[in-house]
Amino acid sequence: SLVAYSLDITDLDPIEFDLIFERFLNPERISMPDFDIDFCEEKRDLVFKYLRSKYKNGVAHIITFGKLKARMALRDIGRVIGLPYGHVDKICKMIPFDPSRPLTLEESIAREPRIKEEEKNNPKVKKLIKLSLKLEGLNRNLATHAAGVVIAGEKLSEQVPLYKDQTSDLLLPSTQFDMYSSENVGLVKFDILGLNTLTVIHKTIQMLENKNIKVDISKIPLNDPEIFKLLSTGETTGLFQLESSGVRLTLRQMKPNKFEDIIALVALYRPGPMNNIPIYNDCKNGLKKPDYIHDSLEKILKPTYGIIIYQEQVMQIAQVLAGFTPGQADILRKAMGKKKRKELEKQEEKFIKGAVNNGIKKDIASFIFQKIKPFAEYGFNKSHAAAYALIAYQTAYLKHYYKEEFIAATMSTELSNTDKLREFVQELKRLKIKIIRPNINICFADFKAEKNKIIYALSAIKSVGFEAISNVINERNKNGKFKSLEDFISRVNPKDINKLQLEGLVKAGAFDDLCADRSSLFHSIPKLIQTNKSNWEEKNSMQTNLFQNNTDINLEKFNLIKNEKWKENDVLMNEFHSIGFYMSDHPLKVYEKYLKEKKIISFNEFMKRNENNAIVVGTIMSIQEKKSIKGNPFAIIKFSDLESEFELFLFSDLLIQKRNQLKAASSFVLTLQKDFIGKDSISSRVNIKNIIEINDLINELHENVTIELNEKSDFEKLSIFLKESGQTKVKIKIASTSKNYIFELKNPRKFNFKTFSAIKDKEFVKKITF
């Protein structure tokens, strides 16, 4: 480990952080280790090129075999037996998609009554499922492991059969043995992984260098109090390994003040060890006294407040208490982690015998072994946790000191991930950093950072290709901004614009400077493309149009196909479909005063209140449907209101009832309930108890309404809005200097959102209450 540190292979001092090399490689270890190495995603190809030039015929990718899983089996067989694609696709979507816990077709059928219904009603579907059940699990195709390579001597082909895909552009051949068989024949396996965060760090540093700011990320101090202050707030959007809501809560409770706390958090925040987080936090913050199991273990367990978090600690305990060699300690660690019963019994006997030889009583030695066994089962590799903690700290450092550049770099690596971009737009609002909206004359293909502002990336708009829009921007940079729509048409290469790309740009508002009428421009796109092609062909035909003034080449007026102007809601909906979220405004804005009068609160307000139930409104941003352990469907729905974004759970009864209405960009009135309440309510799960479309609310006729008028009241003008008879009892309140007068209209009138919208801002109306 020290040699690796000295050679800059790793940036972590193994002596300072107790990173034991024997866990990785020692003379008593039988199996070869495998190397997992993270590289900047954009530079992985350079690594493969280097391996090819360095090891020549001694390196190869590892083959993988794609299997027929439930969905793939249905699709393949559906095609062969002639079922319509749409029908098969509908059945496939009924199978829960969960890569962490994939279900077999049999399990899916047992859990999903809709598949049984399809099978019962259609003999062809019955045949499809019967054949799919037989073929599921068979090897379907060859592929190459995304990251795995094996490195041997000069002639790898003499040790393992190789395979070369002539249609592939891979530099290296592949083994014909999969990863397990390759390992068994004695080959050393490397995982050359691309880590997005390393790309973010690299891009941030490049942006800073372009501004003559030099940052050596490997030399930043690991004890900066400002960074720990940031982490303690839990505001960790964009920070490696520290973004989830659970980690944020843990950071707020932990209040980290040293680098070791981040290492511990990375190791603790996973299934199993999570149960020890409250004990770690209480001991760290002086609320509990650490339990060191045995006096001789205090030195080993002091950094983690008596909790065995790391595999390295298990090894150190075995060495100190039982006199194990580093190699023997690693065998014990492996036996505990893999729960090999026979091997574990052998190791326990050896441990107790060694401890007795060191002067520890047999019953105490046995007690200690039983105490460390559960920890060892899910103990994490400290070297791994420390490396991740270092990257987490580096991202926190860049976000704190260079937030615009860091966020721009992060967003540039997530160009096609709408959910991530939306999250960062929320973060920019929180940090009061201005977002420059899509504009063909200002924006670039990537996100760009300026002081207190981020310029939105045009290639982050749906259907806009990075390379094509880069060419358009190169033209703008070379020959100046586009002065008009005609100027744009005459200068841009037809290869760089197509119908989908232009539709995305228009809907996002990128052409607003050149043409304010989005609707007419949207409907003129086919004509625009045709004009652009004609202009380009003429410009490059080396001929001159005799009837055209040479000083005004290609700038004849482009006449738009006139179309009805988009309403405000249409503009927002189109923005949502092209960008993935609302940027210029929010569809709930139009209801803001009405919701206030109806006493419907924001989600943030609900979470602050010590109340179990509330009615809020939200617009759906995304829906993720899942299955519970019992097989019941539920959905995790991301909503947004005028203040924030929030995730809610919708369970099976309501989900089945409302499934067809639940679409992205639709707005709903939600009756919510917290699972838990009190000081930990921030971590409570919030469930939807009822959900209705906002249109149902705004079309609702009210039973009672009170309209409070200003002193300059105008009954005649008010009567215009209250002409229609209905079922609302209307009271009119007038406040004078001496008394308040309340009049009730003799006959009920019609009063709904439309009426409210019509009179809410009239100069004679002071307040409306329901």
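These numbers come from a predicted model, not from an experiment. (Residues numbered from 1 in each chain as written. Predicted model: local features only at pLDDT ≥ 70, side-chain atom pairs only at ≥ 80, totals over all residues. Heavy atoms only, no water.)

S.K.: Break down the overall build of the protein chain for me, citing the residues and quoting the values.
M.R.: Scanning the protein chain from N- to C-terminus turns up 33 helices and 18 strands. With respect to the principal axes defined by its C-alpha atoms, the protein chain has extents near 100 × 85 × 70 Å. When the 770 residues of the protein chain are sorted by exposure, 46% land in the buried category. Sequence-distant contacts, at least 24 apart, represent 65% of the contacts inside the protein chain between residues at least 6 apart. Roughly 41,300 Å² of accessible area belongs to the protein chain as shown, and the carbon and sulfur atoms make up 51% of that amount. Side chains of the protein chain give 121 positive and 100 negative charges; the mean places of these two sets differ by 3 Å. (Helix = DSSP H or I, 4+ residues; strand = E, 2+ residues; numbered from the N terminus. Buried < 20%, exposed > 50% of the residue type's maximum accessible area, 1.4 Å probe, protein only. Contact = heavy atoms within 4.5 Å. Areas by Shrake-Rupley, 256 points an atom, 1.4 Å probe, with all protein chains shown as cover. Lys, Arg positive; Asp, Glu negative; His and termini not counted. Charge placed at Lys NZ, Arg CZ, Asp CG, Glu CD.)

S.K.: If you had to explain the nonpolar core to someone new, which residues and values would you point to?
M.R.: Within soluble globular proteins, side chains that are nonpolar tend to cluster in buried spots. Membership of the largest hydrophobic core comes to 136 residues, with the highest contact counts inside it found for F351, F447 and F488. At eleven residues, helix α19 (residues 382-401) tops the list of elements feeding residues into this core. Once you skip the residues sitting within four places of it in the chain, F488 turns out to touch I440, V472, F482, I497, L502, F511 and L514. If you look at the next biggest cluster of nonpolar residues, it comprises 25 residues, including L697, I698, F751 and V765. (Core = buried A, V, L, I, M, F, W, Y, C linked by side-chain atoms within 4.5 Å.)

S.K.: Can you explain the side chain of R422? Please cite residues and give values.
M.R.: Among the secondary structure elements, R422 is positioned in helix α21 (residues 418-430). In this structure, R422 is in contact with G580, F581, M621, S622, K638 and E645, ignoring residues within four places of it in sequence.

S.K.: For the sheet that holds strand β8 (residues 448-450), give the residues involved together with the corresponding values.
M.R.: Taking strand neighbours across the sheet as the criterion, the three strands line up as β7-β9-β8 in an open arrangement whose pairing is mixed. Strands with a single pairing partner mark the edges of an open sheet, and in this sheet they are β7 (434-436) and β8. Here the strands of the sheet are splayed against their neighbours by 25° on average, with no regard to which way each runs. Relative to strand β9 (residues 453-455), β8 is paired through three bridges, and the arrangement is antiparallel. By the bridge assignment for β9, E450 is matched with K453. Packing of helix α20 (residues 403-412) onto the sheet brings it into contact with β8 and β9, and relative to β8 it is tilted by some 170°. (Pairing = 2+ DSSP bridges. Axes fitted to C-alpha atoms, helices over the stretch in contact; angles between N-to-C directions.)

S.K.: Run through the pattern of salt bridges, naming residues and quoting values.
M.R.: Per the stated rule, a full pass over the model turns up 32 salt bridges. The salt bridge involving E427 is made with K399; its shortest N-O contact spans 2.6 Å. Taken together, the residues span a long stretch of sequence, with E427 in helix α21 and K399 in helix α19 at a distance of 28 residues. The exposure class assigned to E427 is buried, which follows from its relative accessible area of 4%. In this structure, R422 and D419 form a salt bridge, with 3.1 Å as the shortest nitrogen-oxygen distance. Of this pair, R422 and D419 are both found in helix α21, three residues apart, which corresponds to roughly one turn of the helix. Taking the relative accessible area as the measure of exposure, D419 reaches 34% and is therefore partly exposed. One network of salt bridges, with partners in common, ties together E235, K399, E427 and R430. (Salt bridge = Lys/Arg side-chain N within 4 Å of Asp/Glu carboxyl O.)

S.K.: Can you break down the side chain of D487 residue by residue, with the values?
M.R.: When you line up the elements, D487 lands in helix α23 (residues 485-491). For D487, a relative accessible area of 9% corresponds to the buried category. A distance of 2.8 Å separates a polar atom in the side chain of D487 from the backbone nitrogen of K483. (Polar contact = N/O pair within 3.5 Å; in protein donor to acceptor, adjacent residues only side chain to side chain.)

S.K.: Before we move on, can you summarise α20 with the specific residues and values?
M.R.: Note on helix geometry: an α-helix contains 3.6 residues per turn, so any two residues three or four positions apart are oriented the same way. Extensive coverage of α20 is indicated by the burial of nine of its ten residues. Taken residue by residue, α20 has E404, E405, F406, I407, A408, A409, T410, M411 and S412 as its buried positions.

S.K.: Quick rundown of helix α13 (residues 277-284)? Include the residues and the values.
M.R.: Those residues of α13 that fall on the buried side of the exposure criterion are I277, Y280, N281, C283 and K284. One side of α13 carries all its buried residues, which in axial view fall inside an arc of 165°. Close packing links the buried residues of α13 with α11 (245-254) and α12 (259-268). Trailing α13 by a residue or two, G286 shows a phi angle of about 75°, which is positive. (Arc of directions from axis to C-beta.)

S.K.: I'd like a description of the pairing of strand β11 (residues 633-640), backed by residues and values.
M.R.: Walk down a regular strand and you will see the side chains alternate between the two sheet faces. Most of β11 sits out of view: eight of its eight residues are buried. Burial along β11 is two-sided: P633, A635, I637 and F639 and F634, I636, K638 and S640, pointing in opposite directions, are all buried. Taking the residues that link successive antiparallel strands as the turn, the strand β10 (residues 613-627)-β11 hairpin has five residues, and the phi of G631 there is positive, at about 95°.

S.K.: Help me get a handle on the sheet that holds strand β15 (residues 704-709), residues and values and all.
M.R.: The sheet built from four strands is open, its strands ordered β17-β16-β15-β18 with mixed pairing. Either end of the sheet is taken by a strand with one partner, and the two such strands are β17 (740-744) and β18 (765-769). If you compare each strand with its neighbour and ignore which way they point, the axes differ by 20° on average. Pairing between strand β16 (residues 725-735) and β17: five bridges, direction antiparallel.

S.K.: Quick rundown of the environment of D291? Include the residues and the values.
M.R.: Among the secondary structure elements, D291 is positioned in the loop between α13 and α14 (298-301). Accessibility expressed as a relative area gives 45% for D291, which makes it partly exposed. Between the alpha carbons of D291 and D487 there is a distance of 75 Å; along the sequence they are 196 residues apart. Within the local environment of D291, its side chain forms a polar contact with the backbone nitrogen of I293, the two atoms lying 3.1 Å apart.

S.K.: Explain the confidence of the model for the protein chain to me, and be specific about the residues and the numbers.
M.R.: Chain-level pLDDT for the protein chain is 85 on average; 95% of the residues reach the 70-or-more range. In the model of the protein chain, helix α32 (residues 715-721) stands out as the element of lowest mean pLDDT, 76, in contrast to α20, which has the highest, 95. Counted against residues more than four places away or in other chains, residues 677-683, with its pLDDT under 50, gives nine contacts. (pLDDT = per-residue confidence, 0-100.)

S.K.: So what's going on with the packing of aromatic side chains? Which residues, and what values?
M.R.: By the definition in use, this model includes 24 aromatic pairs. Ring plane angle 85° and centroid distance 5.0 Å describe the contact between Y280 and Y305, whose orientation is recorded as edge-to-face. Here Y280 is found in helix α13, whereas its partner Y305 is found in the loop between α14 and α15 (311-322), with 25 residues between them in sequence. Summarising the burial analysis for this pair, Y280 and Y305 share the class buried. (Phe/Tyr/Trp six-rings, centres within 6.5 Å; stacked < 30°, edge-to-face > 60°.)

S.K.: Explain the packing of helix α9 (residues 196-210) against α19 to me, using residue names and the numbers behind them.
M.R.: Here α9 crosses α19 at 35°, and the two axes come no closer than 11 Å. The way α9 lies across α19 gives a crossing that is left-handed. Between α9 and α19, the residues in contact are T197, L198, I201 and T204 and I391, Q394, T395 and L398, respectively. (Left-handed = near helix turned anticlockwise from the far one by under 90°.)

S.K.: Give me the pairing of β15: which residues, what numbers.
M.R.: Sheet analysis places β15 next to β16, joined by six bridges and oriented parallel. The partner of N704 across the bridge, within β16, is K729. Note: β15 against β18, four bridges, orientation antiparallel. Across the sheet, the residue bridging to E708 is K767, located in β18.

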